[in-house]
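# Structural description and commentary
Each chain, letter by letter, is given below.
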Amino acid sequence: MSSIDKSKFKFVTEKEKEFEEFRPSLTYWQDAWRRLKKNKMSMVGLVGIILIILFAIIGPLFTTMSYSDQINDFKNLSPILTIYEVAPETYVTLTADYSLILVDKKGNLIERLEIFELTDSVITSEERTDLTKVLSPAEQKKRNDEAKKTLIKAYTYNDELIYLDYSGAVDKELDYKYVFTYKGVVTNEKFRTVWNKKYPFGSDNLGRDVLTRVMYGARISLTVAFVASLVNFIIGVTYGAIAGYEGGRVDNVMMRIVDIINSVPLVLIIILLMVLIGNQGLWTIILAIGLVYWVGMARLVRGQILALKEQEFVLAATALGVARKNIITRHLIPNAMGPIIISMTMMIPSAVFTEAFMSFIGLGVSAPMASWGTLANNALSGILSSPYQLFFPASAIAITMLAFNFLGDGLRDALDPRLRKG
Amino acid sequence: MGKILEVNNLKTSFFTHLGEVQAVRGSSFSMNEGDILGIVGESGSGKSVTAMSIINLIEDPGKIKEGSVIFNGKDLTKLTESELTEIRGSEIAMIFQDPMTSLNPVFTIKNLMTEVILRHTDMSKKEAIAHAIKMLDLVGIPHPETRINAYPHQFSGGMRQRVMIATALSCDPKLLIADEPTTALDVTIQAQILELLLKLKDETNTSIIIITHDLGVIAEVCTDIIVMYGGMMMEKGTVDEIFYEPNHPYTNGLHNSVPHIVSGKRDRLIPIKGSPPDLMKPPTGCPFSPRCPHAMQICLEEAAPMFKLSDTHTSACWLLHEDAPQVKGYTKGGKQDD
Amino acid sequence: MGKYFLKRFAAAILTILLIATITFFMMHSIPGGPFTRERPVPDSIMVRLNEKYHLDDPVFIQYLDYMKGLVTLDLGPSFSIIGKDVIDLIKGGFPTSAKIGLMATVLIIILGIPFGIISALKQNKPIDYFVMFMATLGVTVPSFVIATLIIYVFAGLLGWLPTYGLQNPLGYIGPVVALSGYSLSFVTRLTRSSMLEVLRQDYIRTARANGIKEIVVMGKHAVRNALIPVITYVGPMVAAILTGSFVIERIFALPGMGGYFVESITNRDYTTIMGITVFYAAFYIIMILLVDVAYALVDPRIRFEKGAK
Ligand SMILES: Nc1ncnc2c1ncn2[C@@H]1O[C@H](COP(=O)(O)OP(=O)(O)OP(=O)(O)O)[C@@H](O)[C@H]1O
Ligand SMILES: [Mg+2]
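Report follows, based on the coordinates. A quick note: this is a predicted structure, and the numbers were derived from the prediction, not measured.

What counts, and where the lines are drawn
- Residues numbered from 1 in each chain as written.
- Chains lettered and ligands numbered in written order.
- Predicted model: local features only at pLDDT ≥ 70, side-chain atom pairs only at ≥ 80, totals over all residues.
- Heavy atoms only, no water.
- Pairing = 2+ DSSP bridges.
- Helix = DSSP H or I, 4+ residues; strand = E, 2+ residues; numbered from the N terminus.
- Expected span 1.5 Å × (residues − 1).
- Polar contact = N/O pair within 3.5 Å; in protein donor to acceptor, adjacent residues only side chain to side chain.
- Near = heavy atom within 4 Å.
- Nonpolar A, V, L, I, M, F, W, Y, C, P; charged D, E, K, R; others polar.
- Contact = heavy atoms within 4.5 Å.
- Buried area = accessible area lost by both parts, 1.4 Å probe.
- Salt bridge = Lys/Arg side-chain N within 4 Å of Asp/Glu carboxyl O.
- Buried < 20%, exposed > 50% of the residue type's maximum accessible area, 1.4 Å probe, protein only.

Residue and element names in this part refer to chain B. Ordered by their spatial adjacency, four strands build an open sheet running β2-β1-β4-β5, and the pairing between neighbours is antiparallel. Both outer strands of the open sheet, β2 (19-32) and β5 (74-75), are each paired with one neighbouring strand and no more. Bridge count between strand β1 (residues 3-16) and strand β4 (residues 62-71): eight bridges; the pairing is antiparallel. Residue pairing in the sheet places E6 in a bridge with I70 of β4.

What follows is the structure, encoded as C-alpha cells:
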C-alpha cells in the first residue's frame, strides 16, 4: 500500500470545502441571455435586425432624394453602368429601355440625349415596333442573329447623331454587341463598367431612386410589422389570459370563437377586412393584420395560463387573496413570457410577409408611398430588363425574414425551460 | 453458479457542446447467475448510464471511453452493432422507468410484442401471438386474448409496466435490467410489480439488475447492492452489509434521508446537505467530499480506492485507511482492493 | 368514431354558413357594394343584380335569398365582367388552380418528408446543413419572388421554360415550384424537428433495447410518430397554397381562380370577391375535415378518445 502523508488525514472545515467553484445562480432572463449569446446564428439575426432598423430609421437622412422624387431623364438605370467612349472625352451609357445617357469619365450622370426620330430611309431593316419591345435575352439573341446589322436608334448630341446598332457581332460571329457610330467613328468596345454613384440600387421606371425607396419601404414594412405585432400581442394576450384564467364556460365560448376564425385562411379575412375598410393608408393594413393574427397568440397564452394556473405559486397567491387581475398580470403573464416572446419574434416576419403579399395583390399602401411588397410588385413588369428593381426589395424582405427567423430559433432554445440546466 | 456479468473499470462520457459530461467514472462489479443486484444512488449519479453501457446502447453524443463488459464470456463493448442487436431483447432485456412513455403509442400491444418475439425466435406469427398472450397472462393481465389488441394508452401505468415486463421476458433473457421499474407507479402498484419480478425470477432463473433511488425497493428484493454517487461506486456489498453495516458516509446519508423501517427504529429524517456534483467538472477527489460530514484533506485531493471489508463488502472511503482518524461507525483498516 | 366525424361534419357545415353570413353582412355595409343602388356598374349588370338580390326587399329577406343562392351554388353576376356569373368564373378557374395546387401538394409531400427525415438522421452533418439552408431560404423568400426568379432565370436567361401559360407541359414547373416553395421548406423543417423529438422518446429507446434493427426502429417506430405533427400542418399548407395561388397565377398568367380573385379585388368586383371568399372558406374547411380523418387514422389516441363518446 502506498504511503500517504499523514497530515492529509485531517478533517477539513466547511469553509475549506468551499474551494469548489459554484456556478453563480442566474435569473431566468440572465440565463436565457447567456444561452442566446452562445448561439451564433441568433446573434447574427439580432445584429441583422438592428442594422435593418437603423437602415430604416437613419438611412433616409443620408440620401439627397425623397422616395417620390422623379427624374424623367434617368429612368431604369441599373446599379452597374456600362460606359462607352463614343468620341474622345465623350462617354455614354445605355439604359434597359434604350435611353442614352451622357456621363463623364467616372460614370457620373450628366443628361439624357434626345432621341432622334428615325425616318424610313435611315432604317436598314427591321420594323421599329419590334425594337421598342423589351425581349428576353434569349429571344433577343435569336432576333439579332436574324438581322445582324440592325440600326436601333439614333440620338442627337452636339447637333450630330449618335447611331446605335447591333452590328458588333457580324465579323466575329460572337454574341451581339452594341455599336455606336458618332461622326463616322465606330465604337464597339465598352470603355469600362462602374457603380452607379447617383443611384446605388439603380432607378425605377419613373426615375426614382431605388435605394431611397427601399429605405422608406423598410420604414413602412417594419412599422406595419411591429405595430401589427403589438396589436396582435395586446389582443392575443388579453384574450388568451382571460380565457385561460376564467376557464369553464367563458373559456369554452372564447375558444370556439377562435376556432371559427381559425377555420378560414387568415389571409382571406385580412383581404375581406381591407376590402371592407377601404384602403385608407397605413392604418388599414396594420389594423387588418393585427385584428386577425392574434388567434395563435391567444391559444398559446391560454395554454400557458392553464398549465401555470395549477402550479403552487398561483394557488398560494389565490389562497392569500391576491386579486384576480393581479394574479394574471403579476404572476401568470410574466411566467408565460418566454413562449410569448418567441411567438412575437416569429409574428414580425410573418407580418412583413403578409404585408408584402397584400401590397403585391394591390391592397397595400397607396402610391407614391411604397412598402417592400409594392416595390417588388412594381418591378414585376420589367423583370427581364431591370431585374435589380426586384432584387433589392426582395432581398430586403428575405434578409429581414432570415434575421428574425435566426433570432426566433435561438430564442426558442434559450427560453425553453425544458432545456434549462447547467 | 457461474459468473454472468463482469464489468471492469467502465467509463462513459457524453461529449456535449458544453463539454464532456463524465457520467460513469470507472465502475467495476460482477454478478452471478440468479443474483438480483440493486444499484442505488441519487438522481444523476450515473445509474441509467451504467445500465445502458452494459447493453452498449449509449446514444450520441455519449461514448464508452474505457473498460469492458463481459457477458457470458463476450465483451459487449467490442461487438458490432448487429451482434449487439441479437443480444439485446433476447439475452439481455431491459425495462424502463416510465411505462407511460416507453411503449410506442401508435402500435397495438400485439404488434409491439410479436415484433420482439419474431425478431429473436424462430416462431411463426401465430405462435408468436400465442406466446405473447401467454406472457401477458403470466404478468397478470386479465383477458390477454382481447387486451393484446389494445393500444398502450388504453392501459393504466401499472398495466403498461406489466406489458413491458412481459415483452422483456418473452425471449427468455439471461439478464434483465430494470431501470427504476416502479418509480413512476403508485405505492400499491410498486409492490405488485416487485412481487411479480421476484416471482418471474424464481420461474425463469433470470438474473436481474434493479436500478432505483429507493432503498426500500432494494431491501425487499435484492441480494447485492451497489451504491453510486457522482458517476462512481461508493460502496458495494450484500443487502445485509449495506443495510446493517454501511461503511460509507454517503450510504449513511442515504439511510438517514429515507424513513427507516428495515432497521426497526424510526429515526428523524436527515437530508444530505448540498447538491450532487457537476459531472462536467467533477471534483478531483471523492465526489461526495463537498457534502461529506467527515471530509478530510485527502478526500478533496484524491478519490478513495475500494477498501475491502469482507469478501463481498467494499467501500470507497478514506476513513477506512489505517492512518485516518477513528470515526464512530466506520470500521477502519479494511484491505485496499485493486 | 362515426359519431365523432358526424359531429365534426355538422360543425364544418355550420362554420361555412356562419362565414357566409358574416361575409354577407360585411358586404352589405360597404358603400358601393353589391347591395346598394348607388354604384357605377353597367346597366345590364344592374338589372341582373336587382334580379338576383331584390335590392328593394328588407335586409333579412335579402339574406335568405343570398343563402338560398349559396346552397344552389348561385353566386350572382360578376360586377365587372359583363354577362358572367361568379360561379362561371369559379368553374372556369378552379380546375386550373386545383391541378396546380394538387401538384404542389404532391411535390411537398414526396420531397419535404424524406428530406426532413434524412436531415434528422444526419443531424449536424453536411447534408443536414445543406437541407436546412435550403429550407430556411424557402421560408424566408416570398413566393412571388421565387416565381419572378424562376421566370427571370429559367424562362428569360436560359429559355428552358415558357414565361407564362400552361400550353406547354413545362409551363407547370414554374408555378408548381413557386407555389410549393414555402410549404416544402416548412414541411422539411417540421419533419426534421419532429423526427428529432421522436428519436429522443422513451419508446425509441425501448425498441432499441429490445434489439429491433435500426432500420426498423427508424422506418416503423420513429417515422409514424414523427408524421403526426406534420399532418397538423396540412391545414395551414392548404391555406398557404390557396393564398399563394393568388400571386402565382397572376405572375405566370394562368387562368386560375386565384388570378380572378386578385383581379376582382383590384376591380372592386364585390360579388366575385364575396363568392370566391365563401368558396375558398368552404373548400378550406372541408379540407381540414378530411385532414382530421387522416389524423385519426394515424394516431390511435385520437381515434379512441374522441370515438369513445
Ligand atoms: N444524453 C446525455 N447527454 C448529456 N448528458 C447526459 C446524457 N444522458 C445522461 N447524461 C448525464 O449523465 C449523468 C448521469 O445520468 P443518469 O441518467 O445515469 O442518472 P441516474 O442516476 O439514472 O439518475 P435518475 O435517478 O434521475 O434516473 C447526469 O448528470 C446526466 O446529466
Ligand atoms: Mg435514470
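Every α-helix winds through 3.6 residues per turn, so residues three or four apart in the chain are directed the same way. For helix α6 (residues 210-246) of chain A, with 37 residues, the first-to-last C-alpha span of 52 Å sits near the 54 Å given by 1.5 Å per residue. The N-cap of α6 of chain A, judged by a side-chain oxygen 3.3 Å from the amide nitrogen of L211 of chain A a few residues on, is D209 of chain A.

On to the site of ligand 1. Residues and elements named next belong to chain B. Lining the immediate environment of ligand 1, one finds 15 residues, of which S43, G44, K47, S48 and E180 sit closest. One nitrogen or oxygen atom from the side chain of S43 is found 2.4 Å from an oxygen atom belonging to ligand 1. Among the secondary structure elements, those contributing two or more residues to the shell around ligand 1 are β1, β2 and α1 (47-54). Top element by residues in the shell around ligand 1 is α1. It accounts for three residues. When the residues that make up the shell around ligand 1 are grouped by side-chain class, the tally is five nonpolar, seven polar and three charged.

As a further point, take the interface of chain C and chain B. With 21 residues of chain C in contact, the opposing surface of chain B contributes 29 residues. Summed over both sides, the interface between chain C and chain B buries roughly 2,300 Å², with carbon and sulfur atoms accounting for 57% of that surface. On the surface where chain C and chain B come into contact, there are two salt bridges. For K220 of chain C, the salt bridge identified is with E115 of chain B, shortest N-O distance 3.4 Å.

Moving on: the pairing of strand β3 (residues 100-103) of chain A. Residues and elements named next belong to chain A. Residues L100 and L102 point to one face of β3 and I101 and V103 to the other, with burial holding for every one of them. Summarising the sheet, strand β2 (residues 90-94) and β3 pair through four bridges and their orientation is antiparallel. Paired with T93 across the strands is I101, a residue of β3. Hairpin connection from β2 to β3: five residues lie between these consecutive antiparallel strands, with Y98 at a positive phi of about 60°. Examined bridge by bridge, β3 and strand β4 (residues 109-112) share three bridges and lie antiparallel to one another. The residue of β4 that forms the bridge with V103 is L109. The turn linking β3 back onto β4 is made up of five residues, and G107 within it adopts a positive phi angle of 95°.

Checked against the element boundaries, T148 of chain C lands in helix α6 (residues 143-157). Residues contacting T148 of chain C, with those up to four places away along its chain left out, are L380, I383 and L390 of chain A.

Turning our attention to the pattern of salt bridges. Residue and element names in this part refer to chain C. Enumeration over the complete set of coordinates arrives at 23 salt bridges over all chains. Here R8 and D292 are joined by a salt bridge, their closest N and O atoms 2.3 Å apart. Residue R8 is located in helix α1 (residues 2-28), and its partner D292 is located in helix α12 (residues 270-298); the two are separated by 284 residues in the primary sequence.

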